[in-house]
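# Reading the structure
So the chains spell out like this:
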Amino acid sequence: MGFFTDTSVCIGCKACEVACKEWNAVPEDGLEFTGMSYDNTQGLGANTWRHVAFIEQERPIGGVADEAAPDAGPPDGDGGLRWLMSSDVCKHCTHAACLDVCPTGSLFRTEFGTVVVQEDICNGCGYCVPACPYGVIDQRKDDGRAWKCTLCYDRLGAGREPACAKACPTDSIQFGPLEELRERAADRVDRLHDLGVDGARLYGHDPEDGVGGDGAFFLLLDEPEVYGLPPDPVVTTRDLPSMWRHAGAAALTLLGGLAALFAAHGSVDRGRRTTWYGRRGR
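### Notes on the environment of A185
Its place among the elements puts A185 in helix α6 (residues 178-194). Between the C-alpha atoms of A185 and D6, which are 179 residues apart in sequence, the distance is 7.9 Å. Other than its neighbours up to four places away in sequence, A185 contacts F4, L202, F217 and L219.

Next up, the structure:
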């Protein structure tokens with residue numbers, strides 16, 4: 001199971017942020033005016049499991065269809081202002097580096113294919129924070145434990161959709177079996193291309209990508225970097241097996257050298273003792 005977020009119909013209402021906080025009892029944040037944007041939560045973190053980004057663009061649009069982006073500016077190519085709204089969340093990677101590095105088993109893969117943190121087992125080591133290629137996982141300052149989206153694991157167990165998808169008024173956030181969502185997303189991209197939205201693309205949907213595909217993927221209207229997403233994410237623990245093999249080979253080589261050194265040293269000692277005993281006999 002997973003999320004498909006269609007940013008082309010996101011209106012930036014932040015209902016998903018509020019629903020996530022209410023259902024999961026996530027502490028408040030973002031009440032201070034940053035002066036940088038209308039988006040005062042700024043990004044995902046331990047106290048923001050869903051984040052709606054407001055991306056302001058002022059450039060020639062060139063015929064963007066109203067249906068795809070109703071606030072995208074004039075469709076005659078003369079330029080204008082458009083807002084790109086995007087509700088970001090933990091990607092629930094198929095190959096999740098946070099699972100690889102967690103020493104306590106606090107992070108685990110659920111029966112729905114999602115990745116969840118068990119806060120009562122987390123020891124606050126923080127290894128998962130740099131391991132995440134998307135920078136999603138964060139530690140709370142008051143207790144040091146790691147927190148992130150659980151895809152409302154308790155709701156899924158009761159046969160209910162996640163709170164953010166339930167609250168989304170435009171169906172920008174869609175929940176369901178990943179294969180069905182991928183088919184739906186591909187059809188949506190084709191439709192947008194037919195409407196003249198050439199920049200529409202999918203992100204995180206490919207099972208052959210560097211993280212084995214995301215459990216939460218997106219339809220974007222611009223390059224991933226515009227939304228603050230890495231263009232080619234790779235599981236950060238990808239090279240661990242080869243690193244351990246090289247370390248093991250180096251250790252064996254070192255042990256072999258030490259054994260040879262001790263053997264040579266022992267031969268020298270035996271030779272000296274033989275010479276000494278021979279001289280005493282004479």
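### Focus: unusual backbone geometry
With phi around 65°, K14 is a residue other than glycine that occupies positive phi space. Phi is positive for C152, which is not a glycine, with a value near 50°.

### Some words on the pattern of salt bridges
With the rule as written, the count across this model stands at seven salt bridges. When the shortest N-O distance is used, the salt bridge between R188 and D6 registers 3.0 Å. Within this pair, whereas R188 is found in helix α6, its partner D6 is found in strand β1 (residues 2-6), the two being separated by 182 residues in sequence. As far as the burial class goes, R188 and D6 line up, both buried. The shortest N-O distance in the salt bridge between E223 and R201 comes to 3.1 Å. Of this pair, E223 sits in the loop between β10 (216-220) and α7 (240-281) while R201 sits in strand β9 (residues 201-203); the two residues are 22 residues apart in sequence, bridging distant segments of the chain. By relative accessible area, which is 25% here, R201 ends up partly exposed.

### Overview of a negative patch on the surface
Together, E180, E183, D187, D190 and D194 line one region of the surface with negative charge. Note that E183 resides in helix α6. Classification of E183 as exposed rests on a relative accessible area of 55%.

### Let's talk about α6
Residues spaced three or four apart along an α-helix face the same direction, because each turn holds 3.6 residues. Taking 1.5 Å of rise per residue, the 17 residues of α6 would be expected to cover 24 Å, and the 24 Å separating its terminal C-alpha atoms lies within 8% of that figure. Those residues of α6 not exposed but buried are L178, L181, R182, A185, R188, V189 and L192. Summarising the axial view, the buried residues of α6 lie within an arc of 125°, below the 170-degree limit, and thus occupy one face. More than 90 degrees from the buried face of α6, the exposed residues found are E179, E183, D187 and D194. At the C-terminal side of α6, G196 shows a positive phi close to 95°.

### Some details on the environment of P133
Here P133 is to be found in the loop between α3 (128-131) and β6 (138-139). In the structure, P133 is positioned 100 residues away from P233 in sequence and 6.1 Å away in space, judged by C-alpha atoms. Setting aside chain neighbours within four positions, we find P133 in contact with V211, P230, V234 and T236.

### A closer look at the side chain of R155
Mapped onto the elements of the fold, R155 is located in helix α4 (residues 153-157). This buried residue, R155, is left without a salt bridge; D154 holds the nearest opposite charge, at 6.2 Å. At a separation of 2.6 Å, a polar atom in the side chain of R155 contacts the main-chain carbonyl oxygen of E161. Once residues within four sequence positions are removed from consideration, R155 is found in contact with W23, R160, E161, P162, A163 and K166.

### What about the sheet that holds β10?
Here we have four strands laid out as an open sheet, ordered β8-β1-β10-β9, and mixed in their pairing. Either end of the sheet is taken by a strand with one partner, and the two such strands are β8 (173-176) and β9. Strand-to-strand twist across the sheet, computed as the mean angle between neighbouring axes with direction ignored, equals 20°. For β9 and β10, the ladder comprises three bridges, and the chain directions are antiparallel. When the bridges of β10 are listed, L202 appears paired with L219. α6 contacts β1, β8, β9 and β10 of the sheet and is inclined by roughly 5° relative to β10.

### A short note on the packing of aromatic side chains
For any two aromatic rings, the description comes down to two numbers: the centre-to-centre distance and the angle of the planes. Counted under the stated rule, the structure contains six aromatic pairs. Considering the side-chain rings of W49 and W147, the 6.4 Å spacing of their centres and the 20° angle between planes classify their relative orientation as stacked. With W49 in the loop between α1 (15-24) and β2 (50-59) and W147 in strand β7 (residues 146-147), the pair connects residues that are 98 residues apart, well separated along the chain. The exposure class assigned to W49 is buried, which follows from its relative accessible area of 8%. Looking at W147, the relative accessible area reads 11%, which means it is buried. Ring geometry for F108 versus Y153: centroids 6.0 Å apart, planes at 75°, classification edge-to-face. Taken together, the residues F108 in strand β4 (residues 107-109) and Y153 in helix α4 connect sequence positions 45 residues apart. With relative accessibility at 26%, the residue Y153 sits in the partly exposed group. An aromatic cluster is built from F108, F112 and Y153, whose rings are joined through pairwise contacts.

About the criteria used
Every residue gets a number counted from 1 within its own chain, in the order that chain's sequence is written. Only residues with pLDDT of 70 or above have their local features reported here, since the model is predicted, and side-chain atom pairs are shown and tallied only from 80 upward, although totals for entire chains, interfaces and linings are computed over all residues. The basis for every side-chain value is the complete set of non-hydrogen atoms in the structure, without hydrogens or water. Helix numbering and strand numbering both begin at the N terminus, where a helix is a DSSP run of H or I of at least 4 residues and a strand a DSSP run of E of at least 2. Note on contacts: a residue pair qualifies if any of its non-hydrogen atoms lie within 4.5 Å across the two residues. Think of a salt bridge as a Lys or Arg side-chain nitrogen and an Asp or Glu carboxyl oxygen that are within 4 Å of each other. Only protein chains enter the accessibility calculation, which uses a 1.4 Å probe; a residue whose area is less than 20% of its type maximum is buried, one above 50% is exposed, and one in between is partly exposed. Patch criteria: residues need more than 30% relative accessible area and no salt bridge. Like-charged residues are merged within 9 Å; nonpolar side chains of Val, Leu, Ile, Met, Phe, Trp and Tyr are merged within 5 Å. Surface accessibility follows the Shrake-Rupley procedure with a 1.4 Å probe radius. Residue values consider only the protein chains on display as shielding. The positive count covers Lys and Arg only, the negative count covers Asp and Glu only, and His and the chain ends enter neither. Here the site of a charge means NZ on Lys, CZ on Arg, CG on Asp, or CD on Glu. Multiplying 1.5 Å by the helix residue count minus one yields the expected span of that helix. Note that the arc is computed from the directions linking the helix axis to the C-beta atoms. Counting of polar contacts relies on pairs of N or O atoms within 3.5 Å, with two restrictions inside protein: one atom must be capable of donating a hydrogen and the other of accepting it, and residues adjacent in sequence are counted only when both atoms are side-chain atoms. The rule for pairing is simple: two strands pair if DSSP sees at least two bridges between them. In this analysis an axis means a line fitted to C-alpha atoms, helices contributing only their contacting stretch, and an angle means the value between N-to-C directions, from 0 to 180 degrees. Classification of ring pairs rests on two measures: the distance between centres of Phe, Tyr or Trp rings, Trp counted by its six-membered ring, which must be within 6.5 Å, and the angle between planes, read as stacked under 30 degrees, edge-to-face over 60 and tilted in between.

Keep in mind these numbers describe shape, not what the thing actually does.
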